[in-house]
Amino acid sequence: RVKTREGNGWTPFQEEMEEALENRHRIKNELVRALSEKELVLHYQPQVDMVSGAVTGVEALVRWNHPKRGLLFPESFINVAEKSDLISSLGRSVMEEALAQQERWKTGGLDLRVSVNIGARHFLSDNFLADLDAALSRHCRKGICPVTLEIEVTETEALKDLSKAQKIIKRCLETGIVVSLDDFGTGQASLTSLQRLSVGEIKIDKGFVGKIQDSDKDRAIVSSLVVVGRMMGIDVVAEGIETEADGLLLIGMGCRVAQGYAIAKPMPAEAVPAWIADWTPFDSWKRGATPGDP
Ligand code: C2E
Ligand code: MG
Ligand code: MG
Ligand code: MG
């Protein structure tokens, strides 16, 4: 046990640090078990064209079905996984399950593009392309993939090696896989990333989207990101649409594709087909398109 520099006792702050450390350690060990015991499950959140009502895909979001603590959300374990190679094991397992689920949907007559989140550490690692190839080869036959996979990478500090990132993105594109920049706008060099990386999509961070009703600045940021994406020929998705009004404002800005609670919360795979059959956009969204728009 280390003592404080100034005193000889433990400060409450240190107790807290110690506790946090033990916590991380426990989560890490438990995650190893969770991966082998298949305690991790994917929920899926629809992504839609708010005007036409078309479902453009679903995003796979991991949850931990913890035997003692119930269903845990990624915020309570992803950052622990991201500090080690566990994030790669998790990524492999998520890609595998997403592809398997796509096949199940396909068997039921439903063709759905699925996006998976890949930690930057895994994405930039030497194993990533091999992991992706291995997963695809189990599900694509004679070079024909029954499904479309998309990869979301968060634009973080961890993605700072842009030339490496670009090499990997290009290899993904050769395999027919589009890479999307997640939480876009929150990174240190968002526009530089856009300039250097062949990304096919950006997802405007929900931190900006959630404030477009009340904040002129956030509205300006979102609106300009939509324009930049459009002018660069990159698909723009707004994440975190919580109200009908949010959606309408985005449609007015020229952003029709969105994800958020106003459309649907993430749901188990079994619930997706019925949700798709039921869903229809708000009337205001259908009318929101500028006349003459495609
Ligand atoms: P993300 O990829 O940006 O995913 C969007 C998050 O926003 C999800 O949280 C989703 O449930 C939430 N969300 C969607 N619509 C709304 C809305 O209208 N309002 C609000 N307030 N939130 C909304 P979730 O599932 O808790 O995931 C959090 C983050 O954890 C994800 O952010 C992603 O970065 C990470 N994550 C999730 N699954 C995976 C995974 O399989 N692998 C890795 N490496 N990271 C993952
Ligand atoms: Mg994402
Ligand atoms: Mg994210
Ligand atoms: Mg995001």
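- If you look the protein up in an unreviewed UniProt entry, it shows as Diguanylate cyclase/phosphodiesterase with PAS/PAC and GAF sensor(S) from Leptospirillum ferrodiazotrophum.

**Brief notes about the coordination of the magnesium ion (ligand 2)**
Part 1: Coordination of the magnesium ion (ligand 2) by the protein comes from E59 (OE), N117 (OD1), E152 (OE) and D182 (OD), over a distance range of 2.0 to 2.2 Å.
Part 2: The distance between the magnesium ion (ligand 2) and the magnesium ion (ligand 3) comes to 4.4 Å. With E59 in strand β2 (residues 55-66) and N117 in strand β4 (residues 114-117), the pair connects residues that are 58 residues apart, well separated along the chain.
Part 3: Look at N117 and you get partly exposed, because its relative accessible area is 24%.

**Structural notes on helix α3 (residues 86-107)**
Part 1: For α3, which comprises 22 residues, the first-to-last C-alpha distance of 32 Å matches the rise-based estimate of 32 Å (1.5 Å per residue) to within 8%.
Part 2: Within two residues after α3, G109 carries a phi angle of roughly 90°, on the positive side.

**Considerations on the packing of aromatic side chains**
Part 1: Throughout the structure, instances matching the rule amount to 5 aromatic pairs.
Part 2: Look at W64 and F77: their rings are 5.4 Å apart centre to centre, the planes differ by 85°, and that puts the pair in the edge-to-face class. Of the two residues, W64 is situated in strand β2 and F77 in the loop between β3 (70-72) and α2 (78-82); the sequence distance between them amounts to 13 residues.
Part 3: Overall, F77 belongs to the buried group, its relative accessible area being 0%.
Part 4: Between F282 and W285 the ring centres are 4.8 Å apart and the planes differ by 80°, which places this aromatic pair in the edge-to-face class.
Part 5: We classify F282 as partly exposed; its relative accessible area is 32%.
Part 6: Residue W285 is classed as buried on the basis of its relative accessible area of 0%.

**Comments concerning a negative patch on the surface**
Part 1: A cluster of acidic side chains, namely E15, E16, E19 and E22, defines a negative patch on the protein surface.
Part 2: With respect to the helices and strands, E16 occurs in helix α1 (residues 12-36).
Part 3: Overall, the relative accessible area of 56% leaves E16 in the exposed class.

**Observations regarding the site of ligand 1**
Part 1: Close contacts around ligand 1 come from 23 residues, with R63, N117, D182, E242 and Y261 the closest.
Part 2: Side-chain polar atom of D182 to an oxygen atom of ligand 1: 2.8 Å apart, as the coordinates give it.
Part 3: At 2.5 Å from a nitrogen atom of ligand 1 is found a side-chain nitrogen or oxygen belonging to E242.
Part 4: Protein chains shield 85% of the accessible area of ligand 1, which is 800 Å² for the free molecule.
Part 5: Broken down by secondary-structure element, the contributors of at least two residues to the shell around ligand 1 are β2, α3 and β6 (178-184).
Part 6: Looking at which element gives the most residues to the shell around ligand 1, the answer is β2, with 4 residues.
Part 7: Considering only residue class, the shell around ligand 1 consists of 10 nonpolar, 5 polar and 8 charged.

**A short note on the packing of α3 against helix α5 (residues 128-139)**
Part 1: One can describe the packing of α3 onto α5 by two numbers: an axis separation of 10 Å at closest approach and a directional angle of 25°. On the basis of the axis angle, α3 is roughly parallel to α5. Like other packed secondary-structure pairs, α3 and α5 cross with a definite hand, here right-handed. Contact with α3, carried on its side by R92, M95, E96, L99, A100 and E103, involves F128, D131, L132, A135, L136, R138 and H139 of α5 and no other residues of that element.
Part 2: Residue classes in the contact of α3 with α5 are distributed as 7 nonpolar, 1 polar and 5 charged.

**Overview of the environment of M232**
Part 1: Relative to the helices and strands, M232 resides in helix α9 (residues 216-232).
Part 2: With relative accessibility at 43%, the residue M232 sits in the partly exposed group.
Part 3: Separated by 32 residues in the primary sequence, M232 and G200 place their C-alpha atoms 9.6 Å from one another.

**Details of the side chain of Q45**
Part 1: Structurally, the position occupied by Q45 is in strand β1 (residues 40-49).
Part 2: Here Q259 takes part through its side chain, which lies 2.9 Å from a polar atom of the side chain of Q45.
Part 3: With residues up to four places along the chain from it excluded, the contact list for Q45 reads G57, V58, E59, L61, Q259, G260, Y261, A264, K265 and P266.

Basis of the calculations
- Sequence order as written defines residue numbering, which begins from 1 separately in each chain.
- Chains and ligands are labelled sequentially in the order written, the chains with letters from A and the ligands with numbers from 1.
- For this predicted model, a pLDDT threshold of at least 70 governs which residues receive local features, and a threshold of 80 or more governs which side-chain atom pairs are given and counted, while totals over whole chains, interfaces and linings are taken from all residues.
- Excluded from the side-chain calculation are hydrogens and water; included are all heavy atoms of the structure.
- With water excluded from the atoms, a metal site may look incomplete; its donors are any N, O or S atoms within 2.8 Å, or within 3.2 Å for Na, K and Ca.
- Segments assigned H or I by DSSP are reported as helices when at least four residues long, segments assigned E as strands when at least two residues long, and all are numbered from the N terminus.
- Each residue gets one of three labels from its accessible area relative to the maximum for its type: buried under 20%, exposed over 50%, partly exposed in between, using a 1.4 Å probe on protein chains only.
- By definition here, a helix of n residues has an expected span of 1.5 Å times n minus one.
- For Phe, Tyr and Trp, rings pair up if their centres lie within 6.5 Å, where Trp contributes its six-membered ring, and each pair is then called stacked (planes under 30 degrees apart), edge-to-face (over 60) or tilted (otherwise).
- Residues enter patches when they are more than 30% accessible in relative terms and free of salt bridges; like-charged ones are connected within 9 Å and nonpolar ones (Val, Leu, Ile, Met, Phe, Trp, Tyr) within 5 Å.
- The accessible surface values rely on the Shrake-Rupley method and a 1.4 Å probe; as for residues, cover is taken only from the protein chains in view.
- Within this document, salt bridges are pairs made up of a side-chain nitrogen of Lys or Arg and a carboxyl oxygen of Asp or Glu, the two lying within 4 Å of each other.
- His is not counted, nor are the chain ends, whereas Lys and Arg count as positive and Asp and Glu as negative.
- Lys charges are placed at NZ, Arg charges at CZ, Asp charges at CG and Glu charges at CD.
- Only a single heavy atom is needed: when it lies within 4 Å of a molecule or strand, its residue is near that molecule or strand.
- We call two N or O atoms a polar contact when they sit within 3.5 Å, provided that within protein one can donate a hydrogen and the other can accept it, with sequence-adjacent residues counted only if both atoms are side-chain atoms.
- By the convention adopted, Pro, Cys, Tyr, Trp, Phe, Met, Ile, Leu, Val and Ala count as nonpolar, Lys, Arg, Asp and Glu as charged, and the other residues, Gly among them, as polar.
- In this description, a line fitted to the C-alpha atoms serves as the axis of each element, helices being fitted only across the stretch in contact, and the angle between N-to-C directions of two axes falls anywhere from 0 to 180 degrees.
- Note on terminology: angles under 35 degrees are roughly parallel, angles over 145 are roughly antiparallel, angles of 65 to 115 are roughly perpendicular, and the others are oblique.
- Helix crossings fall into two classes, left-handed where the near helix is turned counterclockwise from the far one by less than a right angle and right-handed where it is turned clockwise.
- A contact between two residues is defined here by any heavy atoms of the two lying within 4.5 Å.

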